[in-house]
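The chain contents come next:
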Amino acid sequence: MSNPFLEASVASADDGASEMRFWKKRAEQLENELRKHACAIPSPPNSGPTSPLLDESLKITQSVSPQAHSAKAGFKLSSQVLTITREGMVHKSLADILMETAGRTDLREPDTPAKGGGEGSAFDVDDKGVRRRSLPDSTILKAAQTSGTGVKMVKEVKRVLSRGNSPTKKKKDKGPPPLDSAFLDRIATVHSLAALRLDKMLHKPFPPTARMGMDYVASAYNDVKNTFHHDPDRFYTCLKNVCAELLPIVRNDPVYARTRSPCYAFGDTHGNYGDVSYFLDNIINFLDLEYTPCNLIFLGDYVDRGPFGLEVLCLLLSLKLSNPTKVTMLRGNHEDPLVNGDVRHYGDAAFQKQCQKMFGTARGNDMWRTINEIFRHFPLCADIDGKIFCCHGGIPRYEGGPDNRLELLRDPKFPHLDIFSTFEPATDASSKQIQMASDLTWSDPKDTEEEAEGYWELNEYGFGNNTRGDGVICFGEKAIDDFCQRYGFQYVFRAHQEKSDGLKLAKSGRVITIFSSSDYEGHRNGAGVLFVNSQGEIRMIMKSPF
């Protein structure tokens, strides 16, 4: 089954003259550089128009470092960009995107503020060809049990399973392969898959609590009006049950997680249920990760500011519960109770306030505490195939001496912290752990390294003070190059900052910022997602606000 999110291809656009030539040339230079996987060598920034997709500090490497990364088993950034607009999906080249955004002044890019198909069908297809779920799982199951086609498909899948896994089969008769996602794409229907969920022959039955949570938010959501019609008691029960079953699972999660490609990487969602559900509806086959041949990693900031933080969490936590090994949820700075409970700063947009408004003060505070206990056990960082470092904010600071930053994070004794947004100096092992958590969730890449002086100047290791406030750091190109060289990374995926297109490249393309919530606080920005495929490509997906 083809998925449009996996089939991004280049379609050129001929518009403009000098700017078009400029950005095409620069895109080619950037792609060549990324293909070499070379460590960046400082050089003067290119002159020319600016684009929200490229950081001002991005430089084009003019020679290859002797300590360049090996291309073997590595990744390259694809020049193919899938853009999603109200009119549908459009395929563009990186040069097209750069040219379209160059010199525009109507795109706002504020950083995160300072700390403080028909009736009876399981799917409907709207007039733009977008598939949307319309019926709850119970209806699908009922249809599957009474559908001749569904029963036939279930019997066929059972037959293949039985032959493919039979210990008594003849040596020469290998038989059909065991059940896998590729086979299901050819044989299965929505009805047969729904019936198979309750069949004991499935290796991993879909947890009923996870299905209940996903079904609840899907049935309560009105995608036309982007609103919810809630039953607060049922919602409370669903979410509490999901958290109760998920907590023992996440308690075993390490502080440093690992996942593999193919993988989709999401940035900040901030309660934007519309964008989250849109992306996942296009990514997940049959609404079940068991039949989806890819992993998902979310870089944090699921709550605060946006209106539907509880609903986003109900969906994502249910997904995590349904398949813990395929879903990685990192901790962002808003997964700290000091932040998501800051009603004085965020007002009604604070997550704690949203819990109280939805469930009442007593039950709301109980739900807020329960979810923050889940947050406490989320990993602080992860990697994809050992080549791409993922975190919410940025890399932890280095201050000289032996560089054992990731060794500390990989140590099973590194604690799951209750809070970390304290920004106090590190004076002992405990405060050093808090500082590392703060750096991973709060820091940002430096925009203009050449102009930094005095208080804002980067130190000898490439780190400096951040405009967010005292105790928060920023990192420059040297810091990234040293970190990637020390640990063998080729890219750093991070979130934490709103970007006009939902994505932004920085530090010679080595750092990619992902922001997955469009029209954030009315700014008309886009939402971005990255896809790391199994062929060693990183593909960009950009969604315009609808």
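Criteria and cut-off values
- Residue positions within a chain follow its written sequence, with the count starting from 1.
- Where local features are concerned, this predicted model is filtered to residues with pLDDT of at least 70; where side-chain atom pairs are given and counted, the filter is 80 or more; whole-chain, interface and lining totals use all residues.
- Computation of side-chain values: all heavy atoms of the structure, hydrogens and water removed.
- Among the buried residues, those of types Ala, Val, Leu, Ile, Met, Phe, Trp, Tyr and Cys that are joined through side-chain atoms within 4.5 Å form a nonpolar core.
- With a 1.4 Å probe rolled over the protein chains alone, any residue whose accessible area is under 20% of its type maximum counts as buried; one over 50% counts as exposed, and the rest are partly exposed.
- The salt bridge criterion pairs a side-chain nitrogen of Lys or Arg with a carboxyl oxygen of Asp or Glu, the two atoms within 4 Å.
- In this description a helix means any DSSP run of H or I spanning at least four residues, a strand means any run of E spanning at least two, and both kinds are numbered starting from the N terminus.
- Where helices are involved, their axes are fitted lines through C-alpha atoms of the stretch in contact, as for all axes, and angles between N-to-C directions lie from 0 to 180°.
- We call two directions roughly parallel when the angle between them is under 35 degrees, roughly antiparallel when it is over 145, roughly perpendicular when it lies between 65 and 115, and oblique otherwise.
- Two helices that cross are described as forming a left-handed crossing if the nearer one is turned anticlockwise from the farther one by less than a right angle, and a right-handed crossing if clockwise.
- Residue contacts follow a heavy-atom distance rule, with two residues in contact if any of their heavy atoms lie within 4.5 Å.
- By the criterion applied in these results, polar contacts are pairs of N or O atoms within 3.5 Å in which, for protein atoms, one can donate a hydrogen and the other can accept it, and in which residues neighboring in sequence qualify only through two side-chain atoms.
- Strands were regarded as paired on the criterion that DSSP finds at least two bridges between them.
- Values of pLDDT, ranging from 0 to 100, describe the predictor's confidence in every residue of the model.
- Multiply 1.5 Å by the residue count of a helix minus one, and that product is the helix's expected span.

## Describing the nonpolar core
Note that soluble globular proteins tend to have their nonpolar side chains buried in a common cluster.
Part 1 of the reasoning: Counting residues in each nonpolar core, the largest one holds 59 residues, and the members touching the most others are Leu-280 and Leu-296.
Part 2 of the reasoning: Listed in part, the 33 residues of the second largest apolar core include Phe-389, Cys-391, Leu-417 and Ala-479.

## A word on the pattern of salt bridges
Part 1 of the reasoning: Under the counting rule described, the total for this entry stands at 19 salt bridges.
Part 2 of the reasoning: Salt-bridge contacts for Arg-211 lead to Asp-215; the nearest nitrogen and oxygen are separated by 3.9 Å. Taken together, the residues Arg-211 and Asp-215, both in helix H7 (residues 208–220) and four residues apart, mark about one turn of the helix. A single burial state applies to Arg-211 and to Asp-215, both of which are buried.
Part 3 of the reasoning: Via salt bridges that share partners, Glu-373, Arg-376 and Asp-418 belong to a single interconnected network.

## Topic: the packing of helix H10 (residues 309–322) against helix H14 (residues 361–376)
Part 1 of the reasoning: Packing of H10 against H14 leaves a shortest axis separation of 13 Å and a crossing angle of 45 degrees. As summarised for this structure, H10 and H14 are arranged oblique, according to the angle between their axes. Where H10 crosses over H14, the handedness of that crossing is left-handed. Contacts from Leu-310, Leu-313 and Leu-317 in H10 reach Met-367, Ile-371, Ile-374 and Phe-375 in H14.

## What about the side chain of Asp-268?
Part 1 of the reasoning: Inspection of the secondary structure assignment puts Asp-268 in the loop between strand E8 (263–266) and helix H9 (273–283).
Part 2 of the reasoning: For Asp-268, the side chain forms a polar contact with the side chain of His-270, separated by 3.2 Å.
Part 3 of the reasoning: For Asp-268, the residues in contact, after removing those within four places along its chain, are Gly-300, Asp-301, His-392, Ala-495, His-496, Ile-514, Phe-515, Ser-516 and Ser-517.

## Thoughts on the pairing of strand E20 (residues 537–543)
Part 1 of the reasoning: Burial analysis of E20 places seven of its seven residues in the buried class, the great majority of the element.
Part 2 of the reasoning: Burial along E20 is two-sided: the face carrying Glu-537, Arg-539, Ile-541 and Lys-543 and the face carrying Ile-538, Met-540 and Met-542 are both buried.
Part 3 of the reasoning: The pairing of strand E19 (residues 527–532) with E20 spans six bridges and is classified as antiparallel. Bridged to Val-529 within E20 is Ile-541.

## Brief notes about the sheet that holds strand E13 (residues 444–445)
Part 1 of the reasoning: Taking strand neighbours across the sheet as the criterion, the three strands line up as E13-E15-E14 in an open arrangement whose pairing is mixed. At either margin of the open sheet sits one strand with a lone partner, and together these are E13 and strand E14 (463–465).
Part 2 of the reasoning: The sheet contact formed by E14 and strand E15 (residues 473–475) spans three bridges and is antiparallel. Across the sheet, Asn-465 pairs through a bridge with Ile-473, a residue of E15.

## Points about the confidence of the model for the chain
Part 1 of the reasoning: Of the residues in the chain, 66% reach a pLDDT of 70 or more, and the chain-wide mean stands at 77.
Part 2 of the reasoning: Note on residues 163–171: pLDDT under 50 across the span, and eight contacts to partners over four residues away in sequence or across chains.

## What to know about H10
Part 1 of the reasoning: Under the 1.5 Å per step criterion, the end-to-end length of H10 is 20 Å for 14 residues, consistent within 8% with the ideal 20 Å.
Part 2 of the reasoning: Within H10, 14 of the 14 residues are buried, leaving the element largely enclosed by the surrounding structure.

## Some remarks on the pairing of strand E17 (residues 503–506)
Part 1 of the reasoning: Side-chain alternation along E17 places Leu-503 and Leu-505 on one buried face and Lys-504 and Ala-506 on a second face that is also buried.
Part 2 of the reasoning: In this sheet, strand E18 (residues 511–514) lies alongside E17 in antiparallel orientation, the contact comprising four bridges. Residue pairing across strands places Lys-504 opposite Thr-513, the latter belonging to E18.
Part 3 of the reasoning: Taking the residues that link successive antiparallel strands as the turn, the E17-E18 hairpin has four residues, and the phi of Lys-507 there is positive, at about 55 degrees.

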